[in-house]
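Next come the chains, spelled out residue by residue.
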Amino acid sequence: MEEKKEKEESLTKQLYHFAGSYKYLSILSTILAAISAFVALVPFYYIWKVMQEVLRVRFDFSKAAGISTYGWRAVGFAILGMIIYMAGLMCSHIAAFHVQAQMRTAMMNHIMTLPLGYIESEGTGKIRKIVTDSSAATETYLAHTLPDKAVSKATPIGLIILMAVFDWRLGIMCLIPAAIGFVFMSSMSGKDLAESMKQYQNSLEVMSAEAVEYIRGVPVVKTFGQTVFSFKRFKEAIDEYEKWTLGFTKKMRKPMVGFTTAVNSIFVFIIIAAYVFGGHEITAVFGLNLLFYIIITPILTTTLMKLAYAGEAQMQVVDGLKRMGDVMNRQSLKETTNGQIPKDSSVSLRDVTFAYEGAKKNAVDHISIEIKAGEHVAFVGPSGGGKTTLASMIARFWDVKEGSVKIGGVDVRDITSSELMNQISYVFQDSKLLKMSILENVSSWIEQRPSKPWVGGSNPFRHVVVGIAQLVSAPDCGSGGPGFESLYPPFAFGLSPSGKAQHFDCCIRWFESS
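Residues numbered from 1 in each chain as written. Predicted model: local features only at pLDDT ≥ 70, side-chain atom pairs only at ≥ 80, totals over all residues. Heavy atoms only, no water.

Asks: So what's going on with the overall build of the protein? Which residues, and what values?
Replies: Each helix and strand counted, the protein has 16 helices and 4 strands in total. In the protein, which comprises 514 residues, the share counted as buried stands at 41%. Long-range contacts, defined here as pairs at least 24 residues apart, represent 75% of the contacts in the protein between residues at least 6 apart. Put simply, the protein shows about 28,500 Å² of open surface, and 61% of that area lies on carbon and sulfur atoms. (Helix = DSSP H or I, 4+ residues; strand = E, 2+ residues; numbered from the N terminus. Buried < 20%, exposed > 50% of the residue type's maximum accessible area, 1.4 Å probe, protein only. Contact = heavy atoms within 4.5 Å. Areas by Shrake-Rupley, 256 points an atom, 1.4 Å probe, with all protein chains shown as cover.)

Now the structure itself:
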């Protein structure tokens, strides 16, 4: 219990780190929620007073006194409780939205500094899910779960106080199924279940990432008449998600059935208490107290259900914060403050060693290569031999663990990111073209490079477009005809959409360096 309390305090502390001064709004929301819980019980007292007065006059309502007053007081306190609770929710939502925005901003700022190799290896689908879903879980927790937990803790305290006014024996009978439900609820928040939740989120994360990659490859699937089963990793991700979903559901089934049965059996325990404590004859006072507990029973049931869902929400937030922490703890690429300019386009790899995180062996092990300016070199070898890794380190998608990578005699770590990108042209395996004309595709590329003096004719991009069109042999474009303003041919040159984009990208990189 003490360990659980420390974890809860640590969780709140982590969230308040992003809240700044808004944490006081979150604290205020829990206080207002607790107050609203106490106020919400007051109307039941006045309803009891109305019933007491009705029983006193024995249906001769002309003798009744104060019924109208008690009724309006009940209505007034009910409205007051709603207003206080809504004020608490307004405070909690303002704080939650601020925390969510701060989290997403901090994560995106950090992600922008991470190696591109990490982004490529993890997949944008997985990273996006962490940024959006994990921060959304914290918003739900702060905006709804924390106030509801305050209500769930305050309501039983208020009921215990009311037990001093009404028949305490009936109150204890109400608390027995509540205690049983709490035992079942505790069994749903242990370490084993937390681990199951972690595995469930892992499988969901992987499936999300693989789904993005599959959607990106849909053009290839259509072109070659493939099925979803050709994407083995995507199918495996779906199967893994199914496995953990069913496993998690089965593990939750018995304790959830027990919890739901217990909290919904409070009314049954009250009826049993009526027979046990009432005997053969129920007095007016006992009957009045019995009616009070029957009326207030749904409050206790609802409170326990909120507490159960709050525990699940807390597990999701803890898991989400851990995933966000894994990203935030990734080491950024250090940007040099005194950038140097390479003297030429030569490439030198000296005693380069690199290993991916968690790998048992090095992907590249003490490799030395000298490539002179103007040379054309191809890395050829089996899959997994380190070809892509070597090329990625030249572009500084990863930093070497040992050794050095130099371009024009300058270590890539001593070249600014912008200068390095000007020096290197990198064509990805999954290059993309926008669904627009050749002119628009090339124009968007040139606009990112204002330092290049590409000007010619009435359209400053026209001669560049014509040059690239000639390289890729696009129909009606080589002579500068109208084809360069039409949509890029979907199956030009007998290539798949992916190959077409790579071809186009290669020509752009060649033209840029010419």
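Asks: Describe helix 5 (residues 124-163), with residues and values.
Replies: Between its first and last C-alpha, helix 5 extends 56 Å over 40 residues, near the 58 Å set by a 1.5 Å rise per residue. Where helix 5 bends most, at Tyr141, the angle is about 40 degrees. (Expected span 1.5 Å × (residues − 1). Bend = angle between axes of the 7 residues up to and from the residue.)

Asks: Tell me about the packing of helix 5 against helix 11 (residues 284-328), and name the residues and values.
Replies: Interhelical geometry of helix 5 versus helix 11 gives an angle of 150 degrees and a closest axis separation of 7 Å. Of the possible angle classes, the one that applies to helix 5 and helix 11 is roughly antiparallel. Judged by the twist between their axes, the crossing of helix 5 over helix 11 is left-handed. Its residues assigned to classes, the contact of helix 5 with helix 11 comprises 20 nonpolar, 9 polar and 4 charged. (Axes fitted to C-alpha atoms, helices over the stretch in contact; angles between N-to-C directions. Parallel < 35°, antiparallel > 145°, perpendicular 65-115°, else oblique. Left-handed = near helix turned anticlockwise from the far one by under 90°. Nonpolar A, V, L, I, M, F, W, Y, C, P; charged D, E, K, R; others polar.)

Asks: Help me get a handle on the sheet that holds strand 1 (residues 347-354), residues and values and all.
Replies: Taken in spatial order, the 4 strands of this open sheet run 2-1-3-4, and their pairing is antiparallel. In the strand order of this sheet, the two ends are held by strand 2 (364-371) and strand 4 (410-411), each with one partner. Pairing analysis gives 2 bridges linking strand 3 (residues 402-407) to strand 4, with the strands arranged antiparallel. Each bridged residue has a counterpart across the sheet, and for Ile407 the counterpart in strand 4 is Val410. Strands strand 1, strand 2 and strand 3 of the sheet are contacted by helix 12 (residues 387-394), whose axis makes an angle of about 120 degrees with strand 1. (Pairing = 2+ DSSP bridges.)

Asks: Give a detailed account of the packing of helix 2 (residues 23-57) against helix 11, specifying residues and quantitative values.
Replies: Viewed as axis vectors pointing N to C, helix 2 and helix 11 meet at an angle of 150 degrees, and their least axial separation amounts to 10 Å. Classified by the interaxial angle, the pair formed by helix 2 and helix 11 is roughly antiparallel. Note on packing geometry: the crossing formed by helix 2 with helix 11 is right-handed. Taking contact as the criterion, the partners of Leu41, Phe44, Tyr45, Ile47, Trp48, Met51, Gln52 and Leu55 in helix 2 are, on helix 11, Ala284, Leu288, Asn289, Leu291, Phe292, Ile295, Ile296 and Ile299.

Asks: Account for the nonpolar core, naming residues and giving values.
Replies: Leu15, Met393 and Val405 are the most contacted members of the largest nonpolar core, which totals 45 residues. Here the element with the most residues in this core is helix 5; it accounts for 8 residues. Residues contacting Leu15, with those up to four places away along its chain left out, are Val99, Met103, Thr138, Tyr141, Leu142, Val317 and Leu321. In this structure, Met185, Leu300, Leu307 and Ala308 belong to the second largest nonpolar core, which totals 32 residues. (Core = buried A, V, L, I, M, F, W, Y, C linked by side-chain atoms within 4.5 Å.)

Asks: Run through the side chain of Thr155, naming residues and quoting values.
Replies: Along the chain, Thr155 falls in helix 5. For Thr155, the side chain forms a polar contact with the main-chain oxygen of Val151, separated by 2.8 Å. Sequence-distant contacts of Thr155, defined by excluding residues within four places in its chain, comprise Ala37, Leu41, Ile299 and Thr303. (Polar contact = N/O pair within 3.5 Å; in protein donor to acceptor, adjacent residues only side chain to side chain.)

Asks: How would you sum up the pattern of salt bridges? Please name residues and give values.
Replies: The full count for this structure, using the stated rule, is 5 salt bridges. A salt bridge links Glu370 to Arg350, with the nearest nitrogen and oxygen atoms 3.4 Å apart. Taken as a pair, Glu370 in strand 2 and Arg350 in strand 1 lie far apart in primary sequence, 20 residues in all. Since its relative accessible area comes to 45%, Arg350 is described here as partly exposed. Between Asp411 and Arg413 there is a salt bridge, with the nearest N and O atoms lying 3.0 Å from each other. The buried category is assigned to Asp411, whose relative accessible area is 12%. (Salt bridge = Lys/Arg side-chain N within 4 Å of Asp/Glu carboxyl O.)

Asks: Outline the environment of Phe77, listing residues and values.
Replies: By the element assignment, Phe77 lies in helix 3 (residues 67-111). Overall, the relative accessible area of 28% leaves Phe77 in the partly exposed class. A C-alpha to C-alpha distance of 6.7 Å links Phe77 and Ala40, two positions 37 residues apart in sequence. With near-sequence residues (within four places) excluded, Phe77 lies in contact with Val39, Val42, Pro43 and Tyr46.

Asks: So, the packing of aromatic side chains: which residues are in play, and what are the values?
Replies: The geometry of an aromatic ring pair is captured by two quantities: the separation of the ring centres and the angle between the planes. Counted according to the given criterion, the structure contains 8 aromatic pairs. Centre to centre, the rings of Phe354 and Tyr356 are 4.9 Å apart; their planes meet at 85 degrees, and the pair counts as edge-to-face. What makes Tyr356 partly exposed here is its relative accessible area of 32%. Here a set of aromatic residues connected by ring pairs shows up, and it is made of Tyr45, Tyr46, Trp48, Tyr70 and Phe77. (Phe/Tyr/Trp six-rings, centres within 6.5 Å; stacked < 30°, edge-to-face > 60°.)

Asks: Report on the confidence of the model for the protein, specifying residues and quantitative values.
Replies: In low-pLDDT segments, the atomic positions of the prediction should not be examined closely. The predicted model of the protein has a mean per-residue pLDDT of 77, with 75% of residues at 70 or higher. Per-element confidence in the protein is highest for helix 3, whose mean pLDDT is 92, and lowest for helix 15 (residues 462-472), whose mean pLDDT is 56. Residue range residues 1-7 is modelled with pLDDT below 50. Its contacts to residues more than four positions away, or to other chains, number 2 contacts. (pLDDT = per-residue confidence, 0-100.)

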